[in-house]
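Chain by chain, the residues run as shown.
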Amino acid sequence: MKMNEDGLTLDDTTSIINQNNDIYGIRVYPNPTTDHVKVTTSEDLNLLLKISDLSGNIVYTAKIKNQETSIDVSNLQTNTGVLIFSFFDNSGLIHTDKILVK
């Protein structure tokens, strides 16, 4: 793992992890993907997931309650091939990932 000048930690599994708020061990993989991604957390939670394209259009929303969830991204509309996964708990935004869909 490396930290960039913005205080974000980068690794091979996820594109961007908000270092200060990754208390739930959220991972989204594989990256890049062609059809499905797995979302894993360190424990069963009650999170809201919003997936958006680079223009900010929300293309998918779901509740994440289990430690492992599979999401089909092959049919989500995106012009760029990049999807932004934003995770929220009761306090607000806690984690963001960028995933490339080929």
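Everything below is about the structure shown above.
Residues numbered from 1 in each chain as written. Predicted model: local features only at pLDDT ≥ 70, side-chain atom pairs only at ≥ 80, totals over all residues. Heavy atoms only, no water.

Notes on the sheet that holds strand β3 (residues 27–29)
- One open sheet accounts for 3 strands, arranged β3-β4-β7; its pairing is antiparallel. Edge strands, defined here as strands with exactly one partner in the open sheet, are β3 and β7 (68–72). On average, each strand axis in the sheet is inclined to that of its neighbour by 20 degrees, with strand direction left out of account.
- Both strand β4 (residues 36–40) and β7 contribute to a ladder of 5 bridges, which runs antiparallel. Its bridge partner being in β7, Val39 is matched across the sheet by Thr69. (Pairing = 2+ DSSP bridges. Helix = DSSP H or I, 4+ residues; strand = E, 2+ residues; numbered from the N terminus. Axes fitted to C-alpha atoms, helices over the stretch in contact; angles between N-to-C directions.)

Let's talk about the packing of aromatic side chains
- This model, assessed by the stated rule, comprises 0 aromatic pairs.
- One residue, Lys50, lies across the ring of Phe88, its end atom 5.3 Å from the ring centre. (Phe/Tyr/Trp six-rings, centres within 6.5 Å; stacked < 30°, edge-to-face > 60°. Lys NZ or Arg CZ within 6 Å of the ring centre and 35° of its normal.)

Some details on unusual backbone geometry
- Residue Pro30 is bonded to the preceding Tyr29 through a cis peptide linkage, with omega at -5 degrees.
- On the secondary structure map, Pro30 appears in the loop between β3 and β4.

A short note on the side chain of Asp53
- For Asp53, the location among the structural elements is in the loop between β5 (47–52) and β6 (58–64).
- Despite its burial, Asp53 pairs with no opposite charge; the closest candidate is Lys98, at 12 Å N-O.
- Of note is the side chain of Asp53, whose polar atom sits 3.0 Å from the backbone nitrogen of Ser55.
- Looking at Asp53, its side chain comes within polar contact range of the main-chain nitrogen of Asn57, at 2.9 Å.
- Contacts of Asp53, omitting those with residues within four sequence positions, involve Gln77, Thr78, Val82 and Ile84. (Buried < 20%, exposed > 50% of the residue type's maximum accessible area, 1.4 Å probe, protein only. Lys, Arg positive; Asp, Glu negative; His and termini not counted. Salt bridge = Lys/Arg side-chain N within 4 Å of Asp/Glu carboxyl O. Polar contact = N/O pair within 3.5 Å; in protein donor to acceptor, adjacent residues only side chain to side chain. Contact = heavy atoms within 4.5 Å.)

As for the nonpolar core
- Counting residues in each nonpolar core, the largest one holds 19 residues, and the members touching the most others are Leu47, Ile71, Val73, Phe85 and Phe87.
- For this core, the secondary-structure elements that each account for two or more residues are β4, β5, β8 (82–89) and β9 (92–100).
- Once you skip the residues sitting within four places of it in the chain, Val73 turns out to touch Thr33, Asp35, His36, Val37, Leu83, Phe85 and Val101. (Core = buried A, V, L, I, M, F, W, Y, C linked by side-chain atoms within 4.5 Å.)

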